[in-house]
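Below are the chains, spelled out letter by letter.
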Amino acid sequence: MSEIVFTRTDERIGELAVRPLDLGTDAELLHGWVTHPKAAFWMMQDADLARVVAEYRRIEADPHHDAFLGLADGRPAFLAERYDPAHVELAGLYDAEEGDVGMHFLCAPTDTPVHGFTLAVITTVMELLFSDPATRRVVVEPDVRNRAVHALNAAVGFEVVGPVTKPEKEALLSVCTRDRFRSATRAARGVTA
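Conventions adopted
As a convention, each chain's residues are numbered from 1 in the sequence order in which they are written. Under the rules for a predicted model, residues below a pLDDT of 70 receive no local features and side-chain atom pairs below 80 are neither given nor counted, while totals for whole chains, interfaces and linings still include all residues. Side-chain measures were taken over the full set of non-hydrogen atoms in the model, leaving aside hydrogen atoms and water. Three exposure classes are used, based on accessible area relative to the maximum for each residue type with a 1.4 Å probe and protein chains only: buried under 20%, partly exposed in between, and exposed over 50%. Helix and strand assignments follow DSSP, with helices taken as H or I runs no shorter than four residues and strands as E runs no shorter than two, numbered in order from the N terminus. Between any two strands, at least two bridges found by DSSP are needed for them to pair. Salt bridges are counted wherever a side-chain nitrogen of Lys or Arg sits within 4 Å of a carboxyl oxygen of Asp or Glu. For the purposes of this section, nonpolar cores are sets of buried Ala, Val, Leu, Ile, Met, Phe, Trp, Tyr and Cys residues that join through side-chain atoms within 4.5 Å. Any two residues whose heavy atoms approach within 4.5 Å are treated as being in contact. For each structure, a 1 Å grid was placed over the protein atoms alone; sets of points admitting a 1.4 Å probe that cannot get out are labelled cavities, open sets with protein on both sides within 12 Å along at least five of seven lines are labelled pockets, and lining residues have an atom within 4 Å of a point. Grid points are joined across faces, edges and corners, and a volume is the space filled by probe spheres set on the points.

A large share of strand E3 (residues 65-72) lies buried, amounting to 7 of its 8 residues. Relative to E3, strand E2 (residues 14-20) runs antiparallel, the two sharing 5 bridges. Following the sheet pairing, Pro 20 is matched in E3 by Phe 68. In terms of strand pairing, E3 meets strand E4 (residues 75-83) through 8 bridges, oriented antiparallel.

Laid out in structure tokens, this is it:
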């Protein structure tokens, strides 16, 4: 089992932790998540276990891309990816700036949703990314049709840059600076100044 690399306590949800994805132990769990109907925007609905493992082995081998498993109170609950958008996902599609870090996240499917859980997850992933002092902006490129994630992105401070055509989708490029993230999360907690 991989070592925990980041923890955060959410006042509503509890302890959230992040560790590197370990395909030796996480492959079947990951396969169930990315092929679930609620993960349609991950575009892996028909992927078998071998294809999912191959995709995450590719990420594991890429020096510009990392995958993490998120835990809620010690139980697997979400997937997060960090990437360098100048080399992965958005290479040549936008004006990358020094300190840009790309992000993907996926909450595990559940039959008993917890109010505020997804917001707690994206906040945790953003905290993880901004814990690196070299990170100046977080960059995302969700499908333009994914209204739910656009609302979550806005809630944590993302600003829409505009549509970007990728080979697999029409994406909505958005960026979030450290200051915008801090301001948005302070406002969400009712904290001023």
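Having seen it, we continue.
All right, on to the pattern of salt bridges then. Across all of its chains, the model carries 15 salt bridges by this definition. Residue Arg 58 pairs with Glu 55 through a salt bridge whose shortest N-O separation is 2.5 Å. One end of the pair, Arg 58, and the other, Glu 55, are both in helix H2 (residues 49-61), 3 residues apart, so they sit about a helical turn from each other. Judged by relative accessible area, Glu 55 falls into the partly exposed class, the value being 28%. With a shortest N-O distance of 2.9 Å, Asp 66 and Arg 82 are connected by a salt bridge.

What follows deals with the pairing of E2. The buried count for E2 comes to 5 of 7 residues, which makes it a mostly enclosed element. Taking the residues that link successive antiparallel strands as the turn, the strand E1 (residues 6-10)-E2 hairpin has 3 residues.

Judged by nonpolar contacts, the single largest core of 30 residues is most densely connected at Met 103, Phe 105, Phe 117, Val 125, Met 126 and Phe 158. Listing elements by their share of this core, those giving two or more residues are E2, E3, E4, strand E5 (100-107), helix H3 (117-130), strand E6 (137-140) and helix H4 (147-155). The element that contributes the greatest number of residues to this core is H3, accounting for 9 residues. Residue contacts for Val 125: discarding those within four places in its chain leaves Phe 78, Ala 80, Met 103 and Phe 105. Among the nonpolar cores identified, the runner-up in size contains 20 residues, and Trp 33, Ile 59, Ala 67 and Ala 108 belong to it.

Turning to the layout of surface pockets, a few remarks are in order. A water-sized probe, rolled over the atoms, reveals where empty space remains. Here the largest pocket is characterised by a volume of approximately 1,300 Å³. Considering the residues around the largest pocket, the lining is formed by 46 residues, among which Lys 38, Trp 42, Phe 105, Leu 106 and Cys 107 are closest to the centre. For the lining of the largest pocket, the secondary structure elements donating two or more residues are H2, E3, E4, E5, H3 and H4. A per-element tally of the lining of the largest pocket places E5 first, with 5 residues.

Structurally, Asn 153 can be placed in helix H4. Among all residues touching Asn 153, those that are not within four sequence positions of it are Ile 122, Val 140, Pro 142 and Phe 158.

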